[in-house]
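Commentary on secondary and tertiary structure
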Amino acid sequence: MRDNLSFRDSVDRMVDRALALLEVEDGMAQAIKACNTVLTVTFPVRIRGRIEVFTGWRATHSIHRLPSKGGIRYATTVNQDEVEALAALMTYKCAIVNVPFGGSKGGLYIDPAKYSREEMEIITRRFARELIRKGFLSPATNVPAPDMGTGQREMAWILDTYKHLYPEDINYAACVTGKPVNHGGIQGRVEATGRGVQYALREFFRHPEEVAKTGLEGGLEGKRVVVQGLGNVGYHAARLLAAEDGVRIVAVIERDGAVIDPAGLDIPALRQHLSERGGVKGFPGARYEPDGAAVLEMDCDILIPAALEGVIHAGNAARIRAPLIAEAANGPVTAEADVILRERGITMLPDAFVNAGGVIVSYFEWIRNLSHIRFGRMERRFDELRGRHIVDAIERMTEAPFPDHLRSELVYGATELDLVNSGLDDSMRQGFQEILEVSREFDTDYRTAAFVVAIRKVMRSYLDMGVY
Ligand code: GLU
């Protein structure tokens, strides 16, 4: 981050704007912003005959709803300030999209590329044991999920570690989300955050009067999009937007630079190239630009930062040309950049809303684990049968055959993935509508409005419980 503020302070400063609009008294404002508890663990692991010491954190920002929820990040950029900022964002995120969880986040200072799979397993299991033993991981109180540098694999190891420590806990599978599907995971969780970005943009484009403020016109079809980061979030967002909404991904920025193709990049092929070569350089048919940061400033319709925090800062905000930014990463726009971009009339769909798809589907996974049954298992065939009866009845009454394509739509019982995506879509739509309403109520930007939405809910629950 090139600004003077830390990530934590940057988030707080943006939240302060919402607190001021709501005229929240100082004590309550502090109670809302403060991180409840932060655990630091330092633990040794024997690797290739040598003892290595690792440091990890788990910050619980709020416990007004339990469990507290948020991912675990593995990276060498991890530090306590970052974990606290990300935990705070989790609180607001859950409140905005009506997921009944508190906010938490964890991180381990590690470069995963330096260790073998076996070593990562030992380190992860050890980290999980530390969190469990210190009361920072359980289905009822604190439930991690994947984040940067972690995925289904790490979640499976964490689950197994918890299960071995507490085999009598009938809900052990709910101690972590983002698990592999055959270990209690849910369909659609891997792509959920990217899907959520897509649903957020679709909902925004359903409001022509809002779209008009950006100077853009029409729907998503044909829009020129620049994506920063082709990790789990950026990849699925780009892939789905290109395949299902007809956007053109004109540039992708990665660690080693950017690739540009005004006709639209083939995202699955680019991802394949990235995983084989470790970078985007040399991707056939596209122009390579070694200065990735400069491509953030490229002329386009929508900019989707989907990598690290602080990438749009006081130093480059004045040069960003996209009229619309959809924040798929956590904290990609600093508080100082936020001021500059707002003054320039650039519309930002804020992170705490745009990337909430992950935790929304985590919530579904957690419920699935507590109910010990896959969504749709009871009603799927029944719904199918009812559809068939309706088709039969209509055919008998009209004495005409039912059109085949309509028949297959009606005689269809929803799969778990259908239900997950339906719940995700509904949550994102409702989230945006609440933000929009508040942005009109206070005549303010979406980020401030989103924080107002969150603070009202968090404050309500503090007041109801008398916790402050
Ligand atoms: N790490 C993701 C996020 O930042 C997902 C958190 C979760 O599913 O608990 O929102």
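Bear in mind that the values here come from a model prediction, so they are computed numbers and not experimental data. (Residues numbered from 1 in each chain as written. Predicted model: local features only at pLDDT ≥ 70, side-chain atom pairs only at ≥ 80, totals over all residues. Heavy atoms only, no water.)

Some thoughts on unusual backbone geometry
Keep this limit in mind: Where helices and strands are cited, they refer to DSSP runs of H or I of at least four residues and of E of at least two residues respectively, numbered from the N terminus. When a residue's accessible area, from a 1.4 Å probe over protein chains only, is under 20% of the maximum for its type it is buried; when over 50% it is exposed; and in between it is partly exposed.
With an omega of 0°, the peptide bond running from L66 to P67 counts as cis. Tracing the backbone shows P67 in the loop between strand 2 (50-60) and strand 3 (68-69). The residue E23 is not glycine, and still its phi comes out positive at about 50°. As for its position among the elements, E23 is in the loop between helix 1 (7-21) and helix 2 (26-33). The exposed category is assigned to E23, whose relative accessible area is 70%. Backbone geometry places R48, a non-glycine residue, at a positive phi of 45°. Residue placement: R48 occurs in the loop between strand 1 (37-47) and strand 2.

A look at the site of the ligand
Going by this rule: A molecule or strand has a residue near it when one of that residue's heavy atoms lies within 4 Å. Whenever a nitrogen or oxygen atom comes within 3.5 Å of another N or O atom, the pair is scored as a polar contact, on the condition that within protein one atom can donate a hydrogen and the other can accept it, and that pairs from neighbouring residues in sequence are kept only if both atoms are in side chains. All accessible areas in this document rest on Shrake-Rupley with a 1.4 Å probe, and a residue is counted as covered only by the protein chains that are shown. Residues are grouped as follows: Ala, Val, Leu, Ile, Met, Phe, Trp, Tyr, Cys and Pro are nonpolar; Asp, Glu, Lys and Arg are charged; all remaining types, including Gly, are polar.
Residues in close proximity to the ligand total 14 residues, the closest being K69, K93, K105, D147 and S362. Contacts to the ligand include K93, whose side-chain N or O atom sits 2.7 Å from an oxygen atom. At 3.0 Å from an oxygen atom of the ligand is found a side-chain nitrogen or oxygen belonging to R189. Protein burial of the ligand: of its 290 Å² of free accessible surface, 95% is covered by the chains. For the shell around the ligand, the secondary structure elements donating two or more residues are helix 3 (80-96) and helix 13 (357-371). Considering every element that reaches the shell around the ligand, the biggest residue donor is helix 13, with three residues. Each residue belonging to the shell around the ligand can be placed in one class, and the counts come to four nonpolar, five polar and five charged.

As for the packing of helix 1 against helix 2
We apply this condition: Axis definition: a line fit to C-alpha positions, over the contact stretch in the case of helices; interaxial angles, taken between N-to-C directions, run 0 to 180 degrees. Any angle that falls under 35 degrees is termed roughly parallel, while one over 145 is termed roughly antiparallel, one within 65 to 115 roughly perpendicular, and all others oblique. Less than a right angle of anticlockwise turn of the near helix away from the far helix marks a crossing as left-handed, whereas a clockwise turn marks it as right-handed. We call two residues in contact when some of their heavy atoms are within 4.5 Å.
Where helix 1 meets helix 2, the closest approach of the two axes is 11 Å, and the angle between their N-to-C directions is 140°. Here helix 1 lies oblique to helix 2, going by the angle between them. Both helix 1 and helix 2 take part in a crossing whose hand is right-handed. On helix 2, the residues touching R8, D12, V15, D16 and L19 of helix 1 are A29, I32 and K33. For the contact of helix 1 with helix 2, the residue count by class is four nonpolar, no polar and four charged.

Notes on the side chain of T347
In this structure, T347 sits in strand 13 (residues 347-349). Classification of T347 as buried rests on a relative accessible area of 12%. Apart from the residues lying within four places of it in its own chain, the contact partners of T347 are F204, T214, P323, L324, I325 and Y446.

Concerning the nonpolar core
Inclusion rule: Definition used in this section: a nonpolar core is a set of buried Ala, Val, Leu, Ile, Met, Phe, Trp, Tyr and Cys residues joined via side-chain atoms within 4.5 Å.
Counting 91 residues, the largest nonpolar core has L201, I304 and I455 as its most contacted members. Top element by residues in this core is helix 17 (residues 446-465). It accounts for eleven residues. For I455, the contacting residues outside a window of four places in its chain are V15, A18, L19, L22, V24, I32 and R460. Within the second largest apolar cluster, 27 residues are counted, among which are F54, L137, W157 and L159.

Points about the sheet that holds strand 10 (residues 287-289)
Within a beta sheet, neighbouring strands are joined by backbone hydrogen bonds and run either parallel or antiparallel to one another. Heads up, the rule is: A pair of strands counts as paired when DSSP detects no fewer than two bridges linking them.
Pairing in this open sheet of seven strands is mixed, and the strands run 10-9-8-7-11-12-13 from one edge to the other. A strand with exactly one partner marks an edge of an open sheet, and here the two such strands are strand 10 and strand 13. Strand-to-strand, the axes of this sheet are offset by a mean angle of 20°, without reference to chain direction. Strand direction decides the pairing type here: strand 7 (residues 224-228) and strand 8 (residues 248-254), joined by five bridges, are parallel. Among the inter-strand pairings, V225 is bridged to a residue of strand 8, identified as I249.

Digging into the pairing of strand 11 (residues 302-305)
Neither face of strand 11 is exposed, since I302 and I304 on one face and L303 and P305 on the opposite face are all buried. Bridge count for strand 7 against strand 11 is four bridges, and the pairing is parallel. Looking at the pairing, V227 lines up with I304 of strand 11. Relative to strand 12 (residues 324-326), strand 11 runs parallel, the two sharing two bridges. Residue pairing across strands places I302 opposite L324, the latter belonging to strand 12.

Some details on helix 1
Rule in force here: Helix span, expected: 1.5 Å multiplied by one less than the number of residues in the helix.
Here helix 1 contains 15 residues, and its C-alpha end-to-end distance of 22 Å stays within 8% of the 21 Å for a straight helix at 1.5 Å per residue. Burial in helix 1 covers these residues: F7, R8, S10, V11, D12, M14, V15, A18 and L19. Check the buried side of helix 1 and you find it contacts helix 2, helix 3, helix 11 (335-343) and helix 17.

As for the packing of aromatic side chains
Convention followed: Working definition: a ring pair exists when centres of Phe, Tyr or Trp rings (six-membered ring for Trp) sit within 6.5 Å. Plane angles under 30 degrees give stacked, over 60 give edge-to-face, the rest tilted.
In the structure shown here, the tally under the stated rule is 13 aromatic pairs. Taken together, the aromatic side chains of F204, F205, F353, F432 and Y446 make up a single cluster linked through ring pairs.

Here we look at the pairing of strand 7
Quick note on the threshold: A crossover counts as right-handed when, viewed with the strands pointing away from the observer, the path leading from the first strand over the helix to the second turns clockwise.
Counting buried positions along strand 7 gives four out of five residues, so the element sits mostly inside the fold. Handedness of the crossover joining strand 7 and strand 8 through helix 8 (residues 232-245): right-handed.

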